[in-house]
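In case you want the letters, here they are:
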Amino acid sequence: MLNEKVIKLLNEQVNKELYSAYLYLDMANFYTNKGLNGFAHWFKLQAKEEVTHAMMIQEYLQDNDIPVELEGIAKPHGVFNDDVKAPLVLALEHEKFVTNSIHTIYEEAVKFKDYRTMEFLNWFVKEQLEEEKNADDLITRYELSKNSLLMLDHFLGKREEE
Ligand code: MG
């Protein structure tokens, strides 16, 4: 049986992952409106990945016979005006927030000697390194190709689903 605190945090993480999907979908829509379809494609795939993360956590709770309680998803908080770089910066900041959130659950699991949840979270710990790296790379690429934004857009449009 999982500890109540760990259950609560995992439940909240389902919401955070779905919020991430919502945030990235909003970013995709921002880029669609700007005519940057490659950027939009990249963020739409990112949104899909976040839904998958939420599903994985749901399933883990359900496999442990714990009912999932879905909460409301907040309105995405990004305000980008005309700044093409702004969503990229927010994406990195957001992934760092999610990393902290995963680490907090891990710390609780350690506290309660919940080896099962630690094992489950290992995938997420690794994934967050990847997510932060991807977000950071995106900012670097943007800086490198500011004068050829359409080339970067074309490149991002080629991202494939994992
Ligand atoms: Mg995620």
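Above this note sits the structure.
Residues numbered from 1 in each chain as written. Predicted model: local features only at pLDDT ≥ 70, side-chain atom pairs only at ≥ 80, totals over all residues. Heavy atoms only, no water.

Let us now look at the pattern of salt bridges. For side chains of opposite charge, pairing can occur when their charged atoms come near one another. Applying the stated criterion to the full structure yields 8 salt bridges. Of the charged contacts, one joins Lys34 and Asp82 as a salt bridge, the two residues approaching to 2.8 Å between their closest N and O atoms. Here Lys34, found in helix H1 (residues 4–34), pairs with Asp82, found in the loop between helix H2 (37–63) and helix H3 (86–111); they are 48 residues apart in sequence, far enough to count as distant. By relative accessible area, which is 34% here, Lys34 ends up partly exposed. A salt bridge links Arg159 to Glu49; its shortest N-O distance comes to 3.1 Å. Residue Arg159 is found in the segment after helix H5 (149–156), and its partner Glu49 is found in helix H2; the two are separated by 110 residues along the sequence. Overall, Glu49 belongs to the buried group, its relative accessible area being 13%. (Salt bridge = Lys/Arg side-chain N within 4 Å of Asp/Glu carboxyl O. Helix = DSSP H or I, 4+ residues; strand = E, 2+ residues; numbered from the N terminus. Buried < 20%, exposed > 50% of the residue type's maximum accessible area, 1.4 Å probe, protein only.)

Before going further, it helps to spend a moment on the packing of aromatic side chains. Evaluated as defined, the whole model comprises 9 aromatic pairs. With a centroid separation of 4.1 Å and an interplanar angle of 5°, the aromatic rings of Tyr60 and Phe120 are classed as stacked. Placement of the pair is Tyr60 in helix H2 and Phe120 in helix H4 (residues 115–144), with a sequence separation of 60 residues. Of the residues examined, Phe120 reaches a relative accessible area of 16% and is grouped as buried. Among the aromatic side chains, those forming a connected cluster through ring pairs are Tyr24, Phe30, Tyr31, Phe39, Trp42, Phe43 and Phe80. The ring of Trp42 carries Arg159 above its face, with NZ or CZ at 4.4 Å from the centroid. (Phe/Tyr/Trp six-rings, centres within 6.5 Å; stacked < 30°, edge-to-face > 60°. Lys NZ or Arg CZ within 6 Å of the ring centre and 35° of its normal.)

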